[in-house]
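Each chain, letter by letter, is given below.
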Amino acid sequence: MEVIIVNDYEQLSQRACDIIVEQVHMNPESVLGLATGGTPLGTYRELVQANGNGKIDFTHVSTLNLDEYIGLDSSHPQSYRQFMKRELFDAINISETRTHIPDGRPDDLEEECRRYEALIEAIGPPDLQLLGIGENGHIGFNEPGSDMDGETHIVELTESTRAANARFFDKDEDVPAHAITMGIRSILKSKRILLLASGERKARAIKRLLQGEKDVNFPASALLAHPHVTLVMDQAAYGMKGETDAG
Ligand code: PGA
């Protein structure tokens, strides 16, 4: 694992953007695996700016997002489809038809899982997968105890994940209880993984990861088996004193 420690969230976002820009320069038809949550917001802001400045062209890029809430229509403001539109897609020169996110309200959930995994195979796997890490070590919505060899599937969210995500909803009870997520095996198919961690609240998960703790109750440890992971974190996530957090 390549480990990069930067001072703060701003530097983390800049570094992550630079890595993505390099990837797309190397291959303008790159498939990017994307993530939601607070951590990548700065990276997306930097990418929007880089796109505006002509430093990155998304015309031939395709994207595959990790996950989506079950039960939210893709037009719901808190759906991950709308999050991605707001934070990135609507502000860059990518065609919506090249952006892929699981459907959170399909007629048949199992069929949607199969369709999405087949899509990962058909257009992917991602050249670069952007990834956050949960305080409990989850990746995507693969919570502790998940099948380390799983593909796209339906999960019940843990109380800790629902609590962490409640800040995006008006009321705690509005946070969906289930999600559709790429499995750990699907994530590991990516050619390169760009793992981002910011803020003190991630320090414990990062410490466990860097200690090389392989444990089914710590899903991020599956990344230890991947040949090309780049972890970019700020000092606070590394357990050093730091002020910034992704929010
Ligand atoms: P966060 O979530 O970026 O909102 O901290 C990361 C994650 O839970 O994977």
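For the structure, check the block above.
Residues numbered from 1 in each chain as written. Predicted model: local features only at pLDDT ≥ 70, side-chain atom pairs only at ≥ 80, totals over all residues. Heavy atoms only, no water.

(A) Main features of the pairing of strand 6 (residues 128-131). Of the two faces of strand 6, both are covered, the one formed by Leu128 and Leu130 as well as the one formed by Gln129 and Leu131. Sheet topology places strand 2 (residues 31-34) next to strand 6; 2 bridges connect them, and they run parallel. Bridging across to strand 6, Leu32 finds its partner in Leu128. As paired strands, strand 6 and strand 9 (residues 193-197) are joined by 3 bridges and run parallel to one another. Note that in strand 9 the partner of Leu131 across the bridge is Leu195. (Buried < 20%, exposed > 50% of the residue type's maximum accessible area, 1.4 Å probe, protein only. Helix = DSSP H or I, 4+ residues; strand = E, 2+ residues; numbered from the N terminus. Pairing = 2+ DSSP bridges.)

(B) Representation of the site of the ligand within the structure. Taken together, the neighbourhood of the ligand is formed by Gly37, Gly38, Thr39, Gly132, Ile133, Gly134, His138, Arg167, Arg201 and Lys202. For the ligand, an oxygen atom lies 2.6 Å from a polar atom in the side chain of His138. Side-chain polar atom of Lys202 to an oxygen atom of the ligand: 2.6 Å apart, as the coordinates give it. When isolated, the ligand has an accessible area of 280 Å², and the protein chains bury 86% of it. Judged by its atoms lying within 2 Å of the grid points, the ligand is housed in the largest pocket. A per-class count over the shell around the ligand returns 1 nonpolar, 6 polar and 3 charged. (Near = heavy atom within 4 Å. Polar contact = N/O pair within 3.5 Å; in protein donor to acceptor, adjacent residues only side chain to side chain. Areas by Shrake-Rupley, 256 points an atom, 1.4 Å probe, with all protein chains shown as cover. 1 Å grid on protein atoms, 1.4 Å probe; cavity = no way out; pocket = protein on both sides within 12 Å on 5 of 7 lines; lining within 4 Å. Sits in = over half its atoms within 2 Å of the grid points. Nonpolar A, V, L, I, M, F, W, Y, C, P; charged D, E, K, R; others polar.)

(C) Inspection of a negative patch on the surface at higher detail. Together, Asp73, Asp103, Asp107, Asp108 and Glu110 make up a negatively charged patch on the protein surface. The exposed category is assigned to Asp107, whose relative accessible area is 86%. (Patch = residues over 30% accessible without salt bridge, like charges linked within 9 Å, V, L, I, M, F, W, Y side chains within 5 Å. Salt bridge = Lys/Arg side-chain N within 4 Å of Asp/Glu carboxyl O. Lys, Arg positive; Asp, Glu negative; His and termini not counted. Charge placed at Lys NZ, Arg CZ, Asp CG, Glu CD.)

(D) Spotlight on the packing of aromatic side chains. This model, assessed by the stated rule, comprises 5 aromatic pairs. The interplanar angle of 10° and the centroid separation of 6.2 Å between the aromatic rings of Tyr80 and Phe141 together place this pair among those described as stacked. Of the two residues, Tyr80 is situated in helix 3 (residues 80-87) and Phe141 in the loop between strand 6 and strand 7 (153-156); the sequence distance between them amounts to 61 residues. The burial state of Tyr80 is the same as that of Phe141; both residues are buried. (Phe/Tyr/Trp six-rings, centres within 6.5 Å; stacked < 30°, edge-to-face > 60°.)

(E) Molecular detail of the sheet that holds strand 4 (residues 67-69). Spatially, the 3 strands line up as an open sheet ordered 4-8-7, and their pairing is antiparallel. This sheet does not close on itself; its edge strands, each paired only once, are strand 4 and strand 7. Along the sheet, successive strands turn relative to each other by an average axial angle of 25°, direction set aside. Relative to strand 8 (residues 178-181), strand 7 runs antiparallel, the two being bridged by 4 bridges. Within strand 8, the position partnered with Glu156 by the bridge is His178. Here helix 4 (residues 109-123) sits on the sheet in contact with strand 7 and strand 8, set at roughly 120° to strand 7. (Axes fitted to C-alpha atoms, helices over the stretch in contact; angles between N-to-C directions. Contact = heavy atoms within 4.5 Å.)

(F) Summary view of the layout of surface pockets. Its boundaries defined by the atoms lining it, the largest pocket holds a volume of some 540 Å³. Residue lining of the largest pocket: 33 residues in total, with Thr36, Gly37, Gly38, His138 and Asn165 positioned closest to the centre. Secondary-structure elements contributing two or more residues to the lining of the largest pocket are strand 4, helix 3 and helix 5 (159-165). Here the lining of the largest pocket takes 4 residues from helix 5, the largest share from any one element. Along the lines of polarity and charge, the residues of the lining of the largest pocket split into 13 nonpolar, 14 polar and 6 charged. (Points joined across faces, edges and corners; volume = space filled by probe spheres on them.)

Read these as spatial facts, not as claims about activity.
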